[in-house]
Amino acid sequence: MNRLANEKSAYLQHASHQKIDWYPWSEEAFERAEKENKPVFLSSGAIWCHWCHVMARECFEDDEVAKLLNEYFIPVKLDRDQRPDIDRRYQQALAAMGVSGGWPLSMFLTHDKKPFYGGTYFPPDESFGRPGFKAILLAISRLYREKKDEAIGYGEKYIEFLKNQVTVSGEGFDKSMLDEAEEKMLSGMDRLHGGFGSAPKFAMSGALEFLIHRYSFRKDEALGNAIKKTLTSMADGGIHDQLGGGFHRYSTDMTWTIPHFEKMADDNAWFLRNYIDAYCTFGDNYFKEVAEGIIAFLRRELSHPDGGFYASQDADVTPDDEGGYFLWRDEAFKSLLTDEEYKVLSLYFLHQQGAMRHDASKMVLHIAQGTGELAKQLDMAEKEVKEILLSGKQRLLKEREKRQKPIIDRAMYTSLNGMLISAFLKAYRALGDESVKEFAIMSLNRISKANVLDGKLFHSEGVEAFLDDYVNFIDALISAYEVSGDKNYLDQADLYMGQCVGKFRDKKDGGFFDTEGEVIGMRLKGVEDTPHPSANSTGIMCLIKLSLMLGRDEYMRYAESALTHFALVARAIGIHGGYYFCALNAYFHMMKLDVHALQL
């Protein structure tokens with residue numbers, strides 16, 4: 001066992017049995033690096049990450065790699081969900097090095113935390129055009145011993161570059177930006193398969209919410225069809241868990257068929273919002289069913305019975321069988337289903353396009369034709385087809401529940417809970433299900449106790465809250481006030497917004513920094529959805545709501561300065577600034593409803 005055995009993070013504990021002398025992120029590790037004149041090797045990842053598990057098995061559990069890391073480096077392991085602030089900065093450094101980001105993040109640092117070389121997944125030996133990790137360790141160690149000044153110079157250059165990445169303030173904003181954003185987003189939509197761009201495909205929920213709101217405002221048929229095409233394609237695809245409900249993180253292809261199999265709290269919070277908005281807007285019961293499936297998944301897998309939401313479900317049980325828990329073979333369908341169920345469900349769910357690369361006999365379930373078309377093909381009534389599908393799906397899910405499940409990260413982060421509480425309360429308003437509201441309020445109360453100490457908000461135990469935590473917690477409090485009318489929730493939202501403004505607001509240029517103080521020598525400020533809506537955009541939305549609810553003019557001024565500050569960059573990034581345009585739309589169109597008692 002190494003130093004990680006007593007850490008609270010499931011990801012760090014997962015590496016505690018390795019022969020590597022891992023440190024958690026700590027000053028002790030960097031002090032030792034300075035004392036022993038060694039570089040730091042930082043591995044940042046998460047318990048849900050498939051390639052993190054692959055690199056762990058291939059490299060970190062290899063005796064030769066462990067020996068090289070222990071002899072020539074100070075190894076540090078970071079949970080990117082527990083410390084998103086640190087991971088975010090090194091991901092940006094990796095981008096500055098010309099390397100695409102992702103996890104695991106493999107970064108080499110000087111003793112004062114400056115990055116001088118990095119990458120993501122490395123195989124132990126050179127393969128598929130990727131350099132071998134053992135060779136990299138030897139080369140970096142030699143560089144640090146023989147040309148340490150060069151490594152330090154690289155590190156200083158990257159840090160200075162990141163510090164100078166300041167958002168250029170806009171000259172102002174106006175309503176025309178909404179039309180411009182809608183046009184730009186629509187031009188980037190895949191009209192054949194739905195969604196934005198090509199593979200890999202993320203839902204980009206902020207952009208979808210903006211487009212749904214725009215359709216509600218002016219009922220443009222082409223816009224409505226594009227939205228429905230995207231939401232239906234995602235719901236029919238393998239990115240949607242056809243048996244258990246909820247969505248995987250993203251699709252590796254253009255058609256939403258083969259996903260990356262991790263299931264994340266933040267993704268499912270925003271999928272739920274999108275499908276609830278679509279159900280309310282279009283009245284399509286399919287969207288309602290998908291939303292109810294997300295709720296069922298979250299209650300079954302990603303929440304505590306007494307309230308509170310967990311962070312994620314791992315992609316795999318073992319890295320050798322990617323997504324294996326969610327996959328099915330034709331013979332399994334035959335052995336488990338009745339003849340009638342097999343005839344219907346095999347045609348509905350099993351298609352060659354869903355075959356996995358590592359084992360073509362295993363398939364991702366996805367829908368290639370609707371129940372009406374299937375009924376015609378089988379010469380059956382559509383009602384009968386739907387009944388058979390329901391019984392067959394229940395049988396398959398019951399059998400799947402017997403399999404060993406991927407690990408659940410039971411950390412309860414404030415930011416993720418805020419997103420899900422708000423989403424549940426939005427769902428309650430549309431569905432009228434009291435149990436959904438009750439669980440959301442129960443979760444809000446639990447997080448208010450667990451992650452607040454002496455009036456101070458925390459991201460998780462021992463980790464002070466980031467901007468993301470504040471704005472999503474505030475949004476949850478506002479949502480609770482909206483459904484309950486309990487002014488205590490509104491007062492708390494006002495209290496925490498006051499703290500948020502004091503801790504994070506850029507008083508000079510507007511907008512919010514991501515951290516209260518400098519982390520690795522810098523504070524960052526952005527408006528890009530990643531892919532869930534950015535903290536700044538959520539913060540602007542909360543400022544607008546609270547200004548209208550409380551009559552606080554200063555909140556509206558803060559919102560206006562942030563909208564101005566981010567206007568140019570939001571215009572440039574289009575769908576990646578989707579929730580900024582939701583906030584801009586709210587600024588121009590959000591209505592305040594006052595209820596007064598009639599005196600007779």
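Now for a look at the structure at hand.

Scanning the entire structure with this criterion turns up 36 aromatic pairs. When the centroid spacing of 5.2 Å and the interplanar angle of 85° are considered together, the rings of Trp22 and Phe60 count as edge-to-face. You can see Trp22 sitting in the loop between helix H1 (10-14) and strand E1 (23-24) and its partner Phe60 sitting in helix H3 (residues 50-60), a full 38 residues away along the chain. With centroids separated by 5.4 Å and ring planes inclined at 55°, the aromatic side chains of Phe41 and Phe133 adopt a geometry described as tilted. Of this pair, Phe41 sits in strand E2 (residues 40-45) while Phe133 sits in helix H6 (residues 133-146); the two residues are 92 residues apart in sequence, bridging distant segments of the chain. You'll find Phe41 and Phe133 in the same group, each marked buried. An aromatic cluster of three or more residues is present, and its members are Trp22, Phe41, Phe60, Phe73, Phe108, Tyr117, Phe122 and Phe133. In this arrangement the basic side chain of Lys263 is found over the ring face of Phe297, its NZ or CZ atom lying 3.9 Å from the centre.

A few words on the sheet that holds E2. Here we have five strands laid out as an open sheet, ordered E1-E3-E2-E4-E5, and mixed in their pairing. The strands lining the two open edges of the sheet, one partner per strand, are E1 and strand E5 (115-119). When strand E4 (residues 105-109) meets E5, the two strands line up antiparallel, connected through four bridges. Paired with Leu109 across the two strands is Pro115, which belongs to E5. Across the face of the sheet, H6 comes into contact with E2, E4 and E5 while running at roughly 170° to E5.

Once that is clear, we can look at the environment of Phe333. Of note, Phe333 is situated in helix H13 (residues 330-336). For Phe333, a relative accessible area of 0% translates into the label buried. For the pair Phe333 and Leu350, spaced 17 residues apart in the sequence, the C-alpha separation amounts to 9.3 Å.

When the charged atoms of two side chains with opposite charge come close together, those side chains can pair. Applying the stated criterion to the full structure yields 48 salt bridges. A salt bridge links Asp112 to Lys114; the shortest N-O distance between them is 2.9 Å. Looking at Lys114, the relative accessible area reads 19%, which means it is buried. Three or more residues are tied together by salt bridges with common partners; here these are Arg3, Asp21, Arg32, Glu36 and Lys38.

Moving on, we come to the sheet that holds strand E9 (residues 312-313). An order of E8-E9-E10 is seen for the three strands of this open sheet, with the pairing classed as antiparallel. The two strands at the open ends of the sheet, each matched to only one other strand, are strand E8 (263-264) and strand E10 (408-409). Where E9 lies against E10, two bridges are found, and the strand directions are antiparallel. Residue Ser312 lies in a different strand from E10, and its bridge partner there is Asp409.

Bringing unusual backbone geometry into the picture now. The omega torsion of the bond from Trp103 to Pro104 falls at 5°, within 30 degrees of zero and hence cis. With respect to the helices and strands, the residue Pro104 is situated in the loop between helix H5 (84-96) and E4. Across the junction of Thr530 and Pro531, the peptide omega takes the value -10°, indicating a cis bond. Inspection of the secondary structure assignment puts Pro531 in the loop between helix H20 (487-504) and helix H21 (535-550). Within the chain, Asn37 stands out as a residue other than glycine whose phi angle is a positive 55°. In this structure, Asn37 sits in the loop between helix H2 (27-36) and E2. What makes Asn37 partly exposed here is its relative accessible area of 42%. One non-glycine residue with positive phi stands out, namely Lys219, at about 50°.

The next subject is the packing of helix H4 (residues 63-72) against H6. Running from amino to carboxyl end, H4 crosses H6 at an angle of 15°, the nearest separation of the two axes being 10 Å. Accordingly, the angle class assigned to the pair H4 and H6 is roughly parallel. By crossing handedness, the relation of H4 to H6 is classed as left-handed. Every residue of H6 that contacts H4 at Glu64, Val65, Leu68, Leu69 and Tyr72 is listed here: Phe133, Lys134, Leu137, Leu138, Ser141 and Arg145. Across the contact of H4 with H6, the residue classes break down as seven nonpolar, one polar and three charged.

Across the six residues that make up E2, a large majority, six, are buried. Here E2 shows no split at all, with Val40, Leu42 and Ser44 on one side and Phe41, Ser43 and Gly45 on the other all buried. Where E2 and strand E3 (residues 74-79) come together, six bridges link them in parallel fashion. Considered in E3, the bridge of Phe41 is made with Pro75. Two strands pair when backbone bridges link them, and E2 and E4 are joined in this way by five bridges, in the antiparallel orientation.

Turning our attention to the nonpolar core. Membership of the largest hydrophobic core comes to 110 residues, with the highest contact counts inside it found for Met234, Tyr275 and Tyr580. Apart from residues lying up to four places away in sequence, Met234 is in contact with Ala203, Leu208, Ile239, His240, Phe247, Trp256, Phe271 and Tyr275. Residues Ile20, Trp22, Cys49 and Phe73 belong to the second largest nonpolar core, which totals 33 residues.

Right, let's get into the packing of helix H19 (residues 467-484) against H21. Closest axis-to-axis distance for the H19/H21 pair is 9 Å, and the angle between their directions is 35°. The interaxial crossing formed by H19 with H21 has left-handed handedness. Along the contact surface, H19 presents Leu467, Asp468, Val471, Asn472, Ile474, Asp475, Ile478, Tyr481 and Glu482, while H21 presents Ala535, Asn536, Thr538, Gly539, Cys542, Lys545, Leu546 and Met549.

Attention now goes to the side chain of Thr257. Relative to the helices and strands, Thr257 resides in the loop between strand E6 (250-251) and strand E7 (259-260). Owing to a relative accessible area of 2%, Thr257 belongs among the buried residues under this scheme. A distance of 3.3 Å separates polar atoms of two side chains, one belonging to Thr257 and the other to Gln353.

How each quantity is defined
Residues numbered from 1 in each chain as written. Predicted model: local features only at pLDDT ≥ 70, side-chain atom pairs only at ≥ 80, totals over all residues. Heavy atoms only, no water. Phe/Tyr/Trp six-rings, centres within 6.5 Å; stacked < 30°, edge-to-face > 60°. Helix = DSSP H or I, 4+ residues; strand = E, 2+ residues; numbered from the N terminus. Buried < 20%, exposed > 50% of the residue type's maximum accessible area, 1.4 Å probe, protein only. Lys NZ or Arg CZ within 6 Å of the ring centre and 35° of its normal. Pairing = 2+ DSSP bridges. Contact = heavy atoms within 4.5 Å. Axes fitted to C-alpha atoms, helices over the stretch in contact; angles between N-to-C directions. Salt bridge = Lys/Arg side-chain N within 4 Å of Asp/Glu carboxyl O. Parallel < 35°, antiparallel > 145°, perpendicular 65-115°, else oblique. Left-handed = near helix turned anticlockwise from the far one by under 90°. Nonpolar A, V, L, I, M, F, W, Y, C, P; charged D, E, K, R; others polar. Core = buried A, V, L, I, M, F, W, Y, C linked by side-chain atoms within 4.5 Å. Polar contact = N/O pair within 3.5 Å; in protein donor to acceptor, adjacent residues only side chain to side chain.

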